[in-house]
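Coordinate inspection notes
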Amino acid sequence: MTRDYSKFLTPAGSSPLPKRAPSPLQMLGWKPFFSQQTDVDTLATTPPVRVTEVHRSGLRVLGDGIDTTIPPGPEATVGDWFLLDQTNPANSILLDRISLFERRAAGHDRKRQMIAANVDTVFIVTSCNRDFNVARLERFVALAFEAQVTPVILLTKADLCDDTAPYLDDARAISNRVVVEALNAKSSEPADKLASWCTPGQTVAFLGSSGVGKSTLVNALFQRSVADTGAVREDDNRGRHTTTHRQLHFTPDGCAVLDTPGMRELQLTDVEDGIAEVFDDLVTLAGRCRFNDCAHETEPGCAVRKALEAGEIDADRLARWRKLAAEERFNTATLAQRKAHEKSFHKKIKTVQQKKKR
Ligand SMILES: Nc1nc2c(ncn2[C@@H]2O[C@H](COP(=O)(O)OP(=O)(O)OP(=O)(O)O)[C@@H](O)[C@H]2O)c(=O)[nH]1
Ligand SMILES: [Zn+2]
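As the structure is a computational prediction, the values presented were derived from the model and not from experiment. (Residues numbered from 1 in each chain as written. Chains lettered and ligands numbered in written order. Predicted model: local features only at pLDDT ≥ 70, side-chain atom pairs only at ≥ 80, totals over all residues. Heavy atoms only, no water.)

1. Examining the overall build of the protein
- For the protein, the count of helices and strands is 13 helices and 13 strands.
- For the protein, with 358 residues in total, the buried portion stands at 43%.
- For the protein, the proportion of contacts with a sequence separation of at least 24, taken over those separated by at least 6, is 62%. (Helix = DSSP H or I, 4+ residues; strand = E, 2+ residues; numbered from the N terminus. Buried < 20%, exposed > 50% of the residue type's maximum accessible area, 1.4 Å probe, protein only. Contact = heavy atoms within 4.5 Å.)

2. Re the coordination of the zinc ion (ligand 2)
- Coordination of the zinc ion (ligand 2) by the protein comes from Cys-289 (SG), Cys-294 (SG), His-296 (ND1) and Cys-302 (SG), over a distance range of 2.1 to 2.4 Å.
- If you look at the zinc ion (ligand 2), its four donor atoms make angles of 103 to 116° with each other, and the shape they trace is tetrahedral.
- Given a relative accessible area of 6%, Cys-302 falls into the buried group. (Donors = N, O, S within 2.8 Å, 3.2 Å for Na, K, Ca; no water. Tetrahedral: all angles 85-135°; square planar, octahedral: opposite > 155°, others 65-115°.)

3. Structural notes on unusual backbone geometry
- Despite not being glycine, Asp-270 has its phi angle at roughly 55°, a positive value.
- Mapped onto the elements of the fold, Asp-270 is located in the loop between strand E13 (256–259) and helix H9 (272–278).
- The class for Asp-270 is buried, based on a relative accessible area of 17%.
- Unusually for a residue other than glycine, His-296 sits at a positive phi of about 55°.
- With respect to the element layout, His-296 can be found in the loop between helix H10 (280–286) and helix H11 (303–309).
- Since its relative accessible area comes to 12%, His-296 is described here as buried.

4. Considerations on the side chain of Arg-317
- Tracing the chain through its elements places Arg-317 in helix H12 (residues 315–332).
- Arg-317 sits in the buried class, given a relative accessible area of 13%.
- Reaching out from Arg-317, the side chain makes a polar contact with the backbone oxygen of Val-278 at a distance of 3.3 Å. (Polar contact = N/O pair within 3.5 Å; in protein donor to acceptor, adjacent residues only side chain to side chain.)

5. Overview of the site of ligand 1
- As a structural note, the neighbourhood of ligand 1 is formed by 16 residues, with Asp-159, Ala-185, Ser-210, Ser-215 and Thr-216 the closest of them.
- Residue Asp-159 places a side-chain N or O atom 2.7 Å away from a nitrogen atom belonging to ligand 1.
- With respect to ligand 1, the backbone of Ala-185 contributes an N or O atom lying 2.7 Å from an oxygen atom.
- Relative to its free-state accessible area of 650 Å², ligand 1 is covered by the protein chains to the extent of 71%. (Near = heavy atom within 4 Å. Areas by Shrake-Rupley, 256 points an atom, 1.4 Å probe, with all protein chains shown as cover.)

6. Here's the deal with a negative patch on the surface
- A cluster of acidic side chains, namely Asp-162, Asp-163, Asp-169 and Asp-170, defines a negative patch on the protein surface.
- Here Asp-169 is to be found in helix H5 (residues 165–172). (Patch = residues over 30% accessible without salt bridge, like charges linked within 9 Å, V, L, I, M, F, W, Y side chains within 5 Å. Salt bridge = Lys/Arg side-chain N within 4 Å of Asp/Glu carboxyl O. Lys, Arg positive; Asp, Glu negative; His and termini not counted. Charge placed at Lys NZ, Arg CZ, Asp CG, Glu CD.)

7. Some remarks on the side chain of Lys-214
- Examined against the element boundaries, Lys-214 turns out to sit in helix H7 (residues 214–229).
- Despite its burial, Lys-214 pairs with no opposite charge; the closest candidate is Asp-131, at 8.3 Å N-O.
- Engagement of the side chain of Lys-214 in a polar contact is seen with the backbone oxygen of Gly-208, the distance being 3.0 Å.
- Of note is the side chain of Lys-214, whose polar atom sits 2.8 Å from the backbone oxygen of Ser-209.

8. Regarding the nonpolar core
- If you look at the biggest cluster of nonpolar residues, it comprises 64 residues, and the most contacted ones within it are Phe-101, Ile-153, Leu-155 and Met-263.
- At nine residues, helix H4 (residues 134–147) tops the list of elements feeding residues into this core.
- Setting aside chain neighbours within four positions, we find Ile-153 in contact with Ile-124, Leu-137, Val-141, Ala-171, Ile-174, Val-178, Val-179, Val-180 and Glu-181.
- Core analysis: the next-biggest nonpolar cluster, separate from the first, contains 18 residues, Val-152, Cys-198, Val-204 and Val-257 among them. (Core = buried A, V, L, I, M, F, W, Y, C linked by side-chain atoms within 4.5 Å.)

9. Things to note about H4
- For H4, which comprises 14 residues, the first-to-last C-alpha distance of 20 Å matches the rise-based estimate of 20 Å (1.5 Å per residue) to within 8%.
- Burial within H4 is extensive, with ten of its 14 residues counted as buried.
- Where H4 is concerned, the buried positions are Val-134, Leu-137, Glu-138, Phe-140, Val-141, Ala-142, Leu-143, Ala-144, Phe-145 and Ala-147.
- Backbone nitrogen of Ala-135 and a side-chain oxygen of the N-cap are separated by 2.9 Å at the start of H4; the cap is Asn-133.
- The positive-phi residue at the C-terminal boundary of H4 is Gln-148, with phi of around 70°. (Expected span 1.5 Å × (residues − 1).)

Pasting the structure below:
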C-alpha cells in the first residue's frame, strides 16, 4: 500500500514557521549590535530610545511606548540610540554606532560635525544624463564606505534615456561591492527596486545633486505604503519629508528615511580609508612599488606604471584616484598645514629663482 503523505508536507515555497512580526524597537532600527552593548537588567531600568529629531532645544527620542525630548548634547545626532535615564534624561547613555556620517564645519577650527548615525543604506542618486559623472559617484561611494554605510547607486530618468547600458556599465565598474539600478523614479519601479533595502527596521538616506530625483524617490517610498493602507491624504504625506532640520521619517512599513540638508553638503574630508576602499586594486598595486612614497611618475620599480603600460589598469581611473586622494588630503589638512605647505613651496620657488640668477 502506498500512503499519501502530501498533506503532512509543507507546501513548496512556504516557510514552516510564520515570520515573527518585528517588535516596536526593531521597527525603530534596534539591532543585536546595540543590545550586545548592554544587558537585560540595564534595558529594563534604562529603556533604549532612538533620536529621531534634532532641535536646538533638545532631541526627540522614540522607544517602545516612549516619545519624549531629552536635553541636547554635543555628542549625539539623528539616528543615535540612548539608554534613557527617565529620572535624569541628561544622564542617558549613548550607545556605540554602527555607522556615522560626518563633515567638517566651516570656519577656523573646522571641527567635525556629526550628520547622521546608524544609517544602513545610502542611495547615491544620479540620472542617466549630463549629471552622470563617474568621479562624483566614486566620491560618494568613498564617503559611504568611510561612514560604514552600504552604498547603492540609483540611476534615475531611465525613461528619458535611449540606452542605459553604458551608464550601468560605468557605474558598475566603480566597485564590485556596490549594487547599481537604473529606474524611472516617477513610475511604480522604486517600490520594487528599493524594496530589499527598505525593510522594517532599516534606515536609509539619499545623496546626490539637485534635480536628480531624490525627493521623487522618497515620495515613492511613502506613497507605496500610503497607497497600500489608503489612510493618508496626499497633502499629508507631502509634508512628511519636507523639513529643514535633521529628522528621521518612518514609512508605515517601518523603514526610517533620513532627511537632513547636511547630507547634501558632505565634503571630502577625513575619507582616506573610504577612498582606499573604492580604489583597493590600485592601492594594492601601489603597495608593490619599490619606494614607499612612490608618486608613480618617474620612479624606478613602479608597479602602477608597469600595470598601466601593460594595459592592466585604466589611465582615467588612475587619474581620478590620484585627484580624489589629493583633494581629500587638501580638505583634511588644517589651515596651518596648508600654510606650511605653501610656505615650503614658495621657498622652493625662491631657491630656484636665486639659483637661476647666479
Ligand atoms: N522622467 C523622469 N523624471 C524624473 C525622474 N526622477 C525625477 N524626475 C523629475 O526631475 C525633477 C527633479 O526631481 P526631484 O525629485 O525634485 O530631485 P531632487 O534630487 O530631490 O532635487 P533637490 O530637491 O533639488 O535636491 C522633477 O521634476 C521630477 O519629476 C525620472 O526617473 N524620470
Ligand atoms: Zn609607483
